[in-house]
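These are the residues of each chain, in order.
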Amino acid sequence: MKTMTRQITISPSLLSCDFTRIGEETRRVEAAGADWLHVDVMDGHFVPNLTIGPPLVKAIHGAATAPLDVHLMITNPLEFAGPYAKAGAHVLTFHWEPLGSAVAAREVIRAFREEGVAKVGISVNPDTDVQVVEDVLDEVDLVLVMSVFPGSGGQSFIADTLEKTRWLRASGYQGHVEMDGGVNGDTIADCAAAGADVLVAGSAIFGAEDMQATITSFRALAREAQEQENRG
Ligand code: DX5
Ligand code: ZN
């Protein structure tokens, strides 16, 4: 299938950075070529882990120049629309699973927009059919396809999830498709070939010896895979 040329966005996940030096880590990954900064918010309910609250997002926003790509892995995104928007989220993404209906998802989308976030995203877990978001596709700027189960960094990429990205593009979706989890030098080309244009990587970037070379090579691999797909 022919795909259009889309700008590749690399969004390193700060979950894998050194939290004792988060401001320096933010600037280090920006200097290495990050386009967005992925911020993983976990609430101890939707996922067992507990991470980054609005005050820390605000602190990261103060240290950053790149847009914050905030991934809410939380049960009640409606309640936290205001705090995370005000803290500086540029992209604000919520999960389908705790809502479970297009009506509830629409309410969240509306709340995020009212709070003034630049881009609204919806995400699906590896065991959720991507078709559930079909009715709200024309209302979101981004679909985040989880390629691991949310909760922690450093897990292995689940290749079956590529099918969801392909389905989104085959259905004509023109917004951002982001893939998150287990993205690295071995998997990034498949993500881009399937139609993903935003690639999140945590451990592969923060664990790299040469962060800049890693981001540069990820971008090149993604571009090349996209071009090859376009050539058919
Ligand atoms: C998983 C998070 C991911 C994670 C990615 O719950 O949503 O953003 O930090 O980490 P890696 O790239 O190490 O799989
Ligand atoms: Zn994430």
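Up top is the structure these notes are about.
As a convention, each chain's residues are numbered from 1 in the sequence order in which they are written. Chain letters and ligand numbers both follow the written order, the letters beginning at A and the numbers at 1. The model is predicted, so local features are restricted to residues of pLDDT at least 70 and side-chain atom pairs to those at 80 or more, both for listing and for counting; the totals for chains, interfaces and linings are taken over all residues. Side-chain figures throughout are based on the complete set of non-hydrogen atoms in the structure, without hydrogens or water.

Trainee: Now, about helix H5 (residues 162–170): what can you tell me, with residues and values included?
Mentor: Buried within H5 we find Leu162, Lys164, Thr165, Leu168 and Arg169. What you see down the axis of H5 is that its buried residues fit within an arc of 160 degrees, all on one side. Secondary structure elements are defined from DSSP: runs of H or I of at least 4 residues count as helices, runs of E of at least 2 residues count as strands, and each element is numbered from the N terminus. Just beyond H5, the residue with positive phi is glycine 172, at close to 95 degrees. Burial here depends on accessible area, computed with a 1.4 Å probe over protein chains only, as a share of the maximum for the residue type. Under 20% is buried, over 50% is exposed, and the range in between is partly exposed. Think of it as the arc spanned by the lines of direction from the helix axis to the C-beta atoms.

Trainee: Could you give an account of the pairing of strand E3 (residues 68–73), with specific residues and numbers?
Mentor: Counting buried positions along E3 gives six out of six residues, so the element sits mostly inside the fold. Burial along E3 is two-sided: the residues Leu68, Val70 and Leu72 and Asp69, His71 and Met73 are all buried. Sheet topology note: the strand E2 (residues 37–42)/E3 ladder contains six bridges and is parallel. Residue pairing in the sheet places valine 41 in a bridge with leucine 72 of E3. Handedness is read with the strands pointing away from the viewer; a crossover is right-handed when the path from the first strand over the helix to the second is clockwise. Running through helix H2 (residues 54–63), the crossover from E2 to the neighbouring parallel element E3 is right-handed. Note on pairing: two strands pair once DSSP finds at least 2 bridges between them. When E3 meets strand E4 (residues 89–95), the two strands line up parallel, connected through four bridges. Across the sheet, the residue bridging to aspartate 69 is valine 91, located in E4. For the handedness criterion, the β-α-β arrangement of E3, helix H3 (residues 77–87) and E4 is classed as right-handed.

Trainee: Now, about the sheet that holds strand E6 (residues 142–146): what can you tell me, with residues and values included?
Mentor: In spatial order, the strands read E1-E8-E7-E6-E5-E4-E3-E2; together these eight strands make up an open sheet with parallel pairing. Bordering the open sheet on either side are strand E1 (9–12) and E2, each of which pairs with just one other strand. Strand-to-strand twist of the sheet, defined as the mean angle between neighbouring strand axes without regard to direction, takes the value 25 degrees. With three bridges connecting them, strand E7 (residues 176–180) and strand E8 (residues 198–201) associate as parallel partners. Along E8, the bridge assignment pairs methionine 179 with leucine 199. Axis lines are fitted through C-alpha atoms, for helices just across the contact stretch, and the angle between N-to-C directions can take any value from 0 to 180 degrees.

Trainee: With reference to specific residues and values, describe the site of ligand 1.
Mentor: For this purpose, a residue is taken to be near a molecule or strand whenever a single non-hydrogen atom of the residue falls within 4 Å of it. Around ligand 1, the surrounding shell holds 20 residues, and the nearest of these are Asp40, Gly151, Asp180, Gly202 and Ser203. N or O atoms closer than or at 3.5 Å make up a polar contact, with two conditions inside protein: a donor-capable atom paired with an acceptor-capable one, and, for residues adjacent in sequence, both atoms drawn from side chains. Contact between ligand 1 and glycine 151: an oxygen atom at 2.7 Å from a main-chain N or O atom of the residue. With respect to ligand 1, the side chain of serine 203 contributes an N or O atom lying 2.5 Å from an oxygen atom. Accessibility throughout is a Shrake-Rupley quantity obtained with a 1.4 Å probe, and a residue counts as covered only by protein chains that appear here. For ligand 1, the accessible surface in isolation is 380 Å², of which the surrounding protein chains cover 100%. Contributions of two or more residues to the shell around ligand 1 are made by E2, E3 and E8. Ranked by residues supplied to the shell around ligand 1, first place goes to E2 with three residues.

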